[in-house]
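# Architecture at a glance
Here's the letter readout for the chains.
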Amino acid sequence: MLTLSALLLENGLPNLPVLLIEPHRNPGGVWRIKFSYETGEPLSMSADQASTMASNLHEIGEAELADEVDGAIKSAARYASM
């Protein structure tokens, strides 16, 4: 069974508490999902990658984190459609 730390590592994220998960637009105009931490620079991933990760988070019982990621994905999709 996949663990939270392995899933985060697989997606290029540290196993640290996330302060904020939010949509952001990169310089090319593409909406991505940004993960901000107390230390260091924020990290981001494509909405597609974040969606897959959110599904995996639900599967391993990390519903709260998955819901935060899903919320950011929905906001990014809404912003992209404006």
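Rules used throughout
- Residues numbered from 1 in each chain as written.
- Predicted model: local features only at pLDDT ≥ 70, side-chain atom pairs only at ≥ 80, totals over all residues.
- Heavy atoms only, no water.
- Salt bridge = Lys/Arg side-chain N within 4 Å of Asp/Glu carboxyl O.
- Helix = DSSP H or I, 4+ residues; strand = E, 2+ residues; numbered from the N terminus.
- Buried < 20%, exposed > 50% of the residue type's maximum accessible area, 1.4 Å probe, protein only.
- Core = buried A, V, L, I, M, F, W, Y, C linked by side-chain atoms within 4.5 Å.
- Contact = heavy atoms within 4.5 Å.
- Phe/Tyr/Trp six-rings, centres within 6.5 Å; stacked < 30°, edge-to-face > 60°.

### As for the pattern of salt bridges
Within this structure, the stated rule accounts for 1 salt bridge. Close ionic contact of K34 with E22 constitutes a salt bridge, the shortest N to O distance being 3.2 Å. Residue K34 is located in strand β2 (residues 31-37), and its partner E22 is located in strand β1 (residues 18-25); the two are separated by 12 residues in the primary sequence. You can call K34 partly exposed: its relative accessible area is 21%. E22 gets classed as partly exposed once you look at its relative accessible area, which sits at 24%.

### Some thoughts on the nonpolar core
In terms of nonpolar packing, the biggest core is built from 19 residues, with L13, I21, I33, F35, M53, L57 and V69 touching the most fellow members. Residue assignment for this core shows that the elements contributing at least two residues are α1 (4-10), β2, α2 (47-59) and α3 (63-80). Counting residues per element, this core draws most heavily on α3, at 6 residues. Setting aside anything within four residues of it in sequence, one finds M53 in contact with L7, N11, L13, F35, M45 and V69.

### So, the packing of aromatic side chains
With the rule as written, the count across this model stands at 1 aromatic pair. Considering the side-chain rings of W31 and Y79, the 5.1 Å spacing of their centres and the 45 degrees angle between planes classify their relative orientation as tilted. Of this pair, W31 sits in strand β2 while Y79 sits in helix α3, and the two are 48 residues apart along the sequence. Judged by its relative accessible area of 21%, W31 is partly exposed. In this structure Y79 comes out as partly exposed when scored by relative accessible area, which is 32%.

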